[in-house]
Amino acid sequence: MNHAAPIRSAFVIAICALFIAAADAKTLRYASQDDPQTLDPHSANLQPTTRVLAQVYEGLVGRDRNFKLVPALAVSWSQPDAKTWRFKLRSNVKFHDGQSFSADDVVFSVERALHPLSQLKSSLQGVAGARKVDNFTVDLAMKEPNPVLLNHLFQFRILSREWAVKNRAEAPQNYKDREDTYASRNTNGTGPFKVTLRQPDVKTVLVANGDWWNKNSPEKGNLTQVDLLPVKSNATRAAALLSGEVDFVIDPPPQDTARLKANANVKVVEGAEARVQYLAFDTNRSELMYSDVKGKNPLKDVRVRQAIAHAIDVEAIKEKVMRGLSVPTGSMIGPGVQGYSKEAEKRYAFDKEKAKSLLAEAGYPNGFAITLDCGNVQPAADICQAIPPMLSQVGIRASPNIVPQATYYPKLQKFDTSMYILSWGSVTSDALYTLQLLLHTSTGENTGLGDSNYGRYSNPKMDELISRIKVESDMKKRDALIREALLLNNRDVAVLPLHQALVPWAMRKNVDAVFSPNNIPYFFRFKLN
Amino acid sequence: MLAFVIRRLLQSIMVMLAVGFIAFSLFNFVGDPVSLMLPPEATAADREEVRKSLGLDAPFYIQFATFVGNALQGNFGISLRLGRPVSQLLIERLPATLELATTAAVIGLLIGIPLGVYTALKRDSWTSKLLLTLSLTGVSLPNFLIGIFLILIFAVWLGLLPSFGRGDVTRIGMWTTGLLTTSGLKALILPATTLGLYPVTLIMRLVRSEMLEVLRTDYIKFARARGLTNNAVHFGHALKNTLVPVITITGLTLGELIAFAIITETVFQWPGMGLLFIQAVQFADIPVMAAYLCLIGLIFVLVNLSVDILYYVVDPRLRIDRAVAGGH
């Protein structure tokens, strides 16, 4: 009996250990309709790619659970002069392959992200190059001052120089030369997860990085593994969540969210994505391409644009089209974006009589016919069908023209439109990028000014404001200028913001997720109960 | 014989070139992949650079010539959506599609033949009539609807079978198979049933009509007159003679199943070539689309070629001119 006791306790301990081990293994099975395009941190700049790479690679700055900028691979920063940013780097960081992180990696990653083949140049807006000061200090030299550089740097990802050189992946992947690089299939970052398996369109496995420098962060959750499972078909993705085959779906089909909410094992978290859906107009041509008005362009008249703004019932769109999942807004930038102001949110009231009298004043008492262009993605395509009946009530006979997304952008880029719907994300969390690409006069010379201004709206006052915002480093003054520009857009109706979509994330009841306004899950904050 | 085969081979090459040309010229209408490779917020300079880096700034005929030249070396370029060589992607996806299509064809044979025999022998029974009616509804319901019904019943309500994916696969050299693991076999059931429904109906109706035809022939009557048992007559004589056209049709159907597994693969996220293709279409992923269409074209051409040659070998009437020449 006595000699049995140690055996028994050993057995009990073994059983307990087994249970603890089982309790410790927390695998989140995550489904989305898209798979990452590549694993190269500087090649593609699309959400499905970023959703994976944001778990693996880190930048100089990060964001906390409230989306405030916080130090990441840099511990502090300063601006010795207007054209230099100096970053002090964290010293105890290791890449996934065990190498230590140092200034060389930052300098290398800056050069790589500025490479012509990189799609992440915007993460280094205004940066001319990087210079190593010592092993843990790096200077970024600026071509032009960028007061919101830190906002941009959040997107900038750092990879190991030695690893990239060793695997001949010094430059981002080049599609033309039919290259398939090591870095597009493998990763080596410093982040909370490492990629252990990559099967395109089938499965990508992320395993928690036990040596992560920030593993004691109070924000850290308990996931040990994340399985990324792309499921293209909407119905199947929802079914997989209902049947418990996946734990988390980032893009549940809108028509199924009500059904998912009704299920006792599933919950839906809704957050506002920093993306605004808007309507825009050809304000440039002297005669519209798709209208029955000959010899003049009614949309050049601000009163007509204001009439359209008055005629659209955005609450009805919210209720009927968006199924409640939107926040109507009058501003192209939402809260949380640098330069946001409550004042600019004010919309034109829904007022059909006012719209009719504005149209009559502008010389169109009987309205006119026009085509409204949209891409065939949701919810834009549905909105495209909801707006024409509203406009017809004030006399504007709009017909929706919904085309595949892949032909939609080329059409807009040729300015082949009279009125169109698009959405715009504040990717940099700063208003300048939005203003200069959407509202600056289109230069047509790939200068980054007015590139997405497909209606070719042009107002010298707006251009002047934007050029001042660009160089103003006093944040108070800068915010005031941004507000002025946003209010000018409201008065001018250069583009007409409709709403910010609320993004639903659907998950099993035991998942504890933290929503982020860039619609990217940061799995290290997630918990499985 | 040799001349016949060579002539058919040359025709096949012409067909392949035509398929390649049509496929490639269609892509001018699919749209611009660059707009889908970059976020909507990208600048015009970014777009221009990516377009250049993809070789999309070259004129059409140069793009096509490059495509054919590379295709002849088995190089179909890099998938714009997945950033990996297309030939490699297709090779990886081939086993999944072949296993799915073969299983569907086997289901078609295993269920279709007995049902066909049954409905032919008991042509007036109410069960036969019910089966024929059911088979009509089965074949007229769209594939994706059947798939979603099966998912709803067997995955969501009963929780018995997985709703998507291929389960665990075993790797044997270049080939990956799901047939050797429990989860792989479970994952195969729903998609294979969905895809197999059409061949079941087809084979059942074919066997039934052939069987009815054969049962009316003289040698069956003589067999009965000789006092053979029903079983011997039905299965020894009638069924055997029914199966020749069934085998031909099954061969041709297999080609169709491979090519048209697209819908089933999309519904079940089956990682085969069809799923790859449909996602390529949505992304305007030209290299993948071109390579897939050429590959499917090749499969059909090869199936037709071998059927033609087999007929030539099997059917003496096709060799008539040689026989006539020899006779003189």
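Each value, and the rule that gives it
Residues numbered from 1 in each chain as written. Chains lettered and ligands numbered in written order. Predicted model: local features only at pLDDT ≥ 70, side-chain atom pairs only at ≥ 80, totals over all residues. Heavy atoms only, no water. Helix = DSSP H or I, 4+ residues; strand = E, 2+ residues; numbered from the N terminus. Rg over C-alpha atoms; globule rule 2.2 N^0.38 Å. Buried < 20%, exposed > 50% of the residue type's maximum accessible area, 1.4 Å probe, protein only. Areas by Shrake-Rupley, 256 points an atom, 1.4 Å probe, with all protein chains shown as cover. Contact = heavy atoms within 4.5 Å. Lys, Arg positive; Asp, Glu negative; His and termini not counted. Charge placed at Lys NZ, Arg CZ, Asp CG, Glu CD. pLDDT = per-residue confidence, 0-100. Disulfide = S-S within 2.5 Å. Salt bridge = Lys/Arg side-chain N within 4 Å of Asp/Glu carboxyl O. 1 Å grid on protein atoms, 1.4 Å probe; cavity = no way out; pocket = protein on both sides within 12 Å on 5 of 7 lines; lining within 4 Å. Points joined across faces, edges and corners; volume = space filled by probe spheres on them. Nonpolar A, V, L, I, M, F, W, Y, C, P; charged D, E, K, R; others polar. Buried area = accessible area lost by both parts, 1.4 Å probe. Arc of directions from axis to C-beta. Polar contact = N/O pair within 3.5 Å; in protein donor to acceptor, adjacent residues only side chain to side chain. Phe/Tyr/Trp six-rings, centres within 6.5 Å; stacked < 30°, edge-to-face > 60°.

**Section: the overall build of chain A**
Then step 1. Helix and strand content of chain A: 15 helices and 19 strands.
Then step 2. Taking 529 residues into account, the globule formula puts the C-alpha radius of gyration at 24 Å, and chain A, at 26 Å, falls close to it.
Then step 3. By residue count, 58% of the 529 residues in chain A fall in the buried class.
Then step 4. Accessible area for chain A stands at about 21,100 Å²; split by element, carbon and sulfur atoms hold 51% of it.

**Thoughts on the overall build of chain B**
Then step 1. In terms of regular secondary structure, chain B is built from 14 helices and two strands.
Then step 2. If you line up chain B on its principal axes, its C-alpha atoms span 85 × 70 × 35 Å.
Then step 3. Buried residues in chain B amount to 45% of all 328 residues.
Then step 4. Long-range pairs, those at least 24 residues apart, make up 69% of the contacts in chain B with a sequence separation of at least 6.
Then step 5. Of the roughly 16,300 Å² that chain B leaves accessible, carbon and sulfur atoms contribute 71%.
Then step 6. Side chains of chain B give 24 positive and 19 negative charges; the mean places of these two sets differ by 14 Å.

**Digging into the confidence of the model for chain A**
Interpretation of this model should avoid reading the predicted coordinates in detail wherever pLDDT is low.
Then step 1. Mean pLDDT over chain A: 90, with 94% of residues reaching 70 or higher.
Then step 2. Per-residue pLDDT stays below 50 along residues 18-22 of chain A; that stretch engages in zero contacts with residues further than four places along the chain or on separate chains.

**Looking at the state of the cysteines**
Residue and element names in this part refer to chain A.
Then step 1. Under the counting rule described, the total for this entry stands at one disulfide over all chains.
Then step 2. Here Cys 374 pairs with Cys 384 through a disulfide, and the sulfurs are 2.0 Å apart. In this structure the cystine formed by Cys 374 and Cys 384 twists about its S-S bond by roughly 85 degrees; its chirality is therefore right-handed. Of this pair, Cys 374 sits in strand β14 (residues 369-375) while Cys 384 is found in helix α11 (residues 380-392), placing the two residues 10 residues apart along the sequence.
Then step 3. A relative accessible area of 0% places Cys 384 in the buried class.

**Remarks on unusual backbone geometry**
Residue and element names in this part refer to chain A.
Then step 1. With an omega of 0 degrees, the peptide bond running from Gln 378 to Pro 379 counts as cis.
Then step 2. Within the secondary structure, Pro 379 sits in the loop between β14 and α11.
Then step 3. For Arg 168, which is not glycine, the phi torsion reads 50 degrees and is therefore positive.
Then step 4. Along the chain, Arg 168 turns up in the loop between α5 (161-166) and β8 (193-199).

**Here's the deal with the pattern of salt bridges**
Close approach of charged atoms lets side chains of opposite charge pair.
Then step 1. Taken as a whole and assessed by the stated rule, the structure comprises 29 salt bridges over all chains.
Then step 2. The partner of A:Arg198 in a salt bridge is A:Asp35, with the nearest N and O atoms 2.9 Å apart. Of this pair, A:Arg198 sits in strand β8 while A:Asp35 sits in the loop between β1 (27-32) and α2 (47-56), and the two are 163 residues apart along the sequence. Of the two residues, A:Arg198 and A:Asp35, both sit in the buried class.
Then step 3. Note that B:Glu99 is salt-bridged to B:Arg166, the shortest N-O span being 3.1 Å.

**Describing the layout of surface pockets**
Then step 1. Volume-wise, the second largest pocket comes out at about 1,200 Å³.
Then step 2. What lines the second largest pocket is a set of 42 residues, among which A:Gln199, A:Val202, A:Lys203, B:Gly167 and B:Val169 lie closest to the centre.
Then step 3. Put simply, the parts of the chain that give the lining of the second largest pocket at least two residues each are β8 and β10 (225-230) of chain A together with α5 (86-121), β1 (170-172) and α8 (182-215) of chain B.
Then step 4. It is α5(B) that provides the largest number of residues to the lining of the second largest pocket, a total of five residues.
Then step 5. When the residues that make up the lining of the second largest pocket are grouped by side-chain class, the tally is 16 nonpolar, 12 polar and 14 charged.

**Comments concerning the interface of chain A and chain B**
Then step 1. If you look at the interface, chain A gives 55 residues, while chain B gives 59 residues.
Then step 2. Interface area for chain A against chain B, summed over the two sides, is near 4,300 Å², with a carbon-plus-sulfur share of 57%.
Then step 3. Across the contact surface, chain A and chain B share three salt bridges.
Then step 4. Residue B:Arg81 is joined to A:Asp201 by a salt bridge in which the shortest nitrogen-to-oxygen separation is 2.6 Å.

**Remarks on helix α9 (residues 314-321) of chain A**
All names here are of chain A.
Then step 1. Taken as a whole, α9 has its buried residues at Val 314, Ile 317 and Val 321. What you see down the axis of α9 is that its buried residues fit within an arc of 60 degrees, all on one side. The outward face of α9, more than 90 degrees from its buried face, is lined by the exposed residues Glu 319 and Lys 320.
Then step 2. For α9, the secondary structure elements touched by its buried residues are β13 (326-328), α11 and β17 (495-508).
Then step 3. The residue sitting at the N-terminus of α9 and contributing the capping side-chain oxygen is Asp 313; that oxygen lies 3.3 Å from the backbone nitrogen of Glu 315.

**Notes on the packing of aromatic side chains**
Residues and elements named next belong to chain A.
Then step 1. This structure, assessed with the given rule, holds 24 aromatic pairs over all chains.
Then step 2. Ring centres of Phe 248 and Trp 505 lie 5.5 Å apart, and the angle between their planes is 80 degrees; on these two criteria the pair is classed as edge-to-face. Of this pair, Phe 248 sits in strand β11 (residues 248-249) while Trp 505 sits in strand β17; the two residues are 257 residues apart in sequence, bridging distant segments of the chain. Each of the two residues, Phe 248 as well as Trp 505, counts as buried.
Then step 3. Look at Phe 523 and Phe 526: their rings are 5.2 Å apart centre to centre, the planes differ by 75 degrees, and that puts the pair in the edge-to-face class.

**Details of the confidence of the model for chain B**
Residue and element names in this part refer to chain B.
Then step 1. In the predicted model, chain B carries a mean pLDDT of 85, and the fraction of residues at 70 or more is 95%.
Then step 2. Within chain B, helix α14 (residues 320-327) has the poorest average pLDDT of any element, 49, and helix α11 (residues 262-267) the best, 93.
Then step 3. Every residue in residues 323-328 is under pLDDT 50, and counting partners more than four places away or in other chains gives zero contacts.
Then step 4. What the predictor reports for the complex is a pTM of 0.84 with an ipTM of 0.83.

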